[in-house]
Amino acid sequence: MDRKHSNYEVQIIGKPLRCPHCDSAIFSHREVYLDIVSPNVDVDPFNEDPPEQLVLQSFTCNDCYNIQQFQQLTKGMETNIVCKQVD
Amino acid sequence: MAKDLNLEESHIAILDRPINCLFCEHDVFIPYVTYKNEVEPEMYAGIQANYTAVCTHCGSAIQFGEMSNVHVNPIITEAKLQAQKRCLLLALQILVQEKKIDDTVLTLAEEEQYFKVMVLLKSRTNQVEEMPALSCLAIALSQLSTHNIVDAMQVHRIILDESYPGIEPFLKQFIK
Ligand SMILES: [Zn+2]
Ligand SMILES: [Zn+2]
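All figures in this text were calculated on a predicted structure; none of them were measured in a lab.

Here's the deal with the coordination of the zinc ion (ligand 1)
Residue and element names in this part refer to chain A.
Then, in step 1: Cys 19 (SG), Cys 22 (SG), Cys 61 (SG) and Cys 64 (SG) make up the full set of protein donors to the zinc ion (ligand 1), lying at 2.2 to 2.3 Å.
Then, in step 2: Along the chain, the residues donating to the zinc ion (ligand 1) are arranged with the sequence spacing C-x2-C-x38-C-x2-C. Of this pair, Cys 19 sits in the loop between strand S2 (15-16) and strand S3 (27-36) while Cys 64 sits in the loop between strand S4 (53-61) and strand S5 (67-71), and the two are 45 residues apart along the sequence.
Then, in step 3: Given a relative accessible area of 3%, Cys 19 falls into the buried group.

Spelled out as structure tokens, the structure:
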């Protein structure tokens, strides 16, 4: 099934995000989860803690499908990623 | 073990060329070894990297599918470096005390002649140019655990949870 994503203009640390390939400024967004490989794994085979995850905000260019990804960083009330829905 | 000590803010080079963030051009990253989470496999088209570096300034993530050309240089603050040197001396003191190594190693470490320390530790590693004190520490710690003087798992946990401040009191317990 094809998922429908909303489209966004995005600012990262106050600077508009552009596609490095085609310069478009409209992106679809999804959240991506990567499991972080724990260095414990080699040493401690009995470690049963669930893997930690790295959560990335992934922005796919609407025109050429180039993907750019950012981790959300929050300092007090401020966050590095601001999205404005455009449709 | 040297690699496990490196879970911190780092400069990264690919094929000896330093990388800068593509978005903000800063050059400090947190490196992660990552693999694809399988919860929603249909969401992961194009994302199969096993190495992810996140820019500490803007959050931009750079992914590499191959790690062999990725060189990570942790940024060592003066405080961290001093802690590493103190821990190295402790680890060597224990090895000397247990008669695993000649005591000239202590003088060499105090004089910061780390390459000579490395020779005495009989290390075959040749990638020590950037952080000789840390490399010596990693080798000394692994020798302490291969000789069953300290518990490898315990050292490993302390490094992960508390970094160097935690190893210092841990090693001190073994000094007679
Ligand atoms: Zn594009
Ligand atoms: Zn950046």
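Regarding the pairing of strand S1 (residues 10-14) of chain B
Residues and elements named next belong to chain B.
Then, in step 1: In terms of strand pairing, S1 meets strand S7 (residues 70-74) through 5 bridges, oriented antiparallel. Looking at S7, one finds that Ser 10 is bridged to Pro 74.
Then, in step 2: Between S1 and strand S2 (residues 17-18), which pair antiparallel and follow one another directly, the connecting turn spans 2 residues, one of which, Leu 15, has a positive phi of 45 degrees.

Examining the pattern of salt bridges
Then, in step 1: As enumerated under the stated definition, the model contains 5 salt bridges over all chains in all.
Then, in step 2: Across the salt bridge formed by Lys84(A) and Glu9(A), the nearest N and O atoms sit 3.6 Å from each other. Separated by 75 residues along the polypeptide, Lys84(A) in strand S8 (residues 81-85) and Glu9(A) in strand S1 (residues 7-12) bring together distant segments of the chain.
Then, in step 3: For Lys84(A), a relative accessible area of 53% puts it in the exposed group.
Then, in step 4: Looking at Glu9(A), the relative accessible area reads 33%, which means it is partly exposed.
Then, in step 5: A salt bridge links Glu168(B) to Arg86(B); its shortest N-O distance comes to 2.8 Å. Here the residue Glu168(B) occupies a position in helix H6 (residues 164-172), and Arg86(B) occupies one in helix H1 (residues 78-97), the gap between them amounting to 82 residues.
Then, in step 6: Among the residues examined, Glu168(B) registers a relative accessible area of 12% and is labelled buried.

A word on the packing of aromatic side chains
Then, in step 1: In total, this model carries 4 aromatic pairs over all chains according to the counting rule given.
Then, in step 2: Between Phe59(A) and Phe70(A), the ring centres sit 6.4 Å apart and the planes meet at 55 degrees, which makes this aromatic pair tilted. On the criterion of sequence distance, the pair formed by Phe59(A) in strand S4 and Phe70(A) in strand S5 is long-range, its members being 11 residues apart. There is no split in this pair, since Phe59(A) and Phe70(A) are both buried.
Then, in step 3: The structure contains a cluster of three or more aromatic residues connected by ring pairs, namely Phe59(A), Phe70(A) and Phe23(B).
Then, in step 4: Positioned over the ring face of Phe23(B) is Lys15(A), at 4.4 Å from the centre of the ring.

Concerning the nonpolar core
Then, in step 1: Core analysis: the biggest nonpolar cluster contains 34 residues, and Leu92(B), Leu141(B), Leu144(B) and Leu171(B) have the highest contact counts within it.
Then, in step 2: Secondary structure elements with two or more residues in this core: H1, helix H2 (104-110), helix H3 (114-120), helix H4 (132-146), helix H5 (152-162) and H6 of chain B.
Then, in step 3: For Leu92(B), the contacting residues outside a window of four places in its chain are Ile101(B), Val105(B), Leu106(B), Ala109(B), Val117(B), Leu121(B) and Ala140(B).
Then, in step 4: Counting residues in each nonpolar core, the second largest holds 24 residues, with Ile12(A), Phe29(B), Cys58(B) and Val72(B) among its members.

What counts, and where the lines are drawn
Residues numbered from 1 in each chain as written. Chains lettered and ligands numbered in written order. Predicted model: local features only at pLDDT ≥ 70, side-chain atom pairs only at ≥ 80, totals over all residues. Heavy atoms only, no water. Donors = N, O, S within 2.8 Å, 3.2 Å for Na, K, Ca; no water. Helix = DSSP H or I, 4+ residues; strand = E, 2+ residues; numbered from the N terminus. Buried < 20%, exposed > 50% of the residue type's maximum accessible area, 1.4 Å probe, protein only. Pairing = 2+ DSSP bridges. Salt bridge = Lys/Arg side-chain N within 4 Å of Asp/Glu carboxyl O. Phe/Tyr/Trp six-rings, centres within 6.5 Å; stacked < 30°, edge-to-face > 60°. Lys NZ or Arg CZ within 6 Å of the ring centre and 35° of its normal. Core = buried A, V, L, I, M, F, W, Y, C linked by side-chain atoms within 4.5 Å. Contact = heavy atoms within 4.5 Å.

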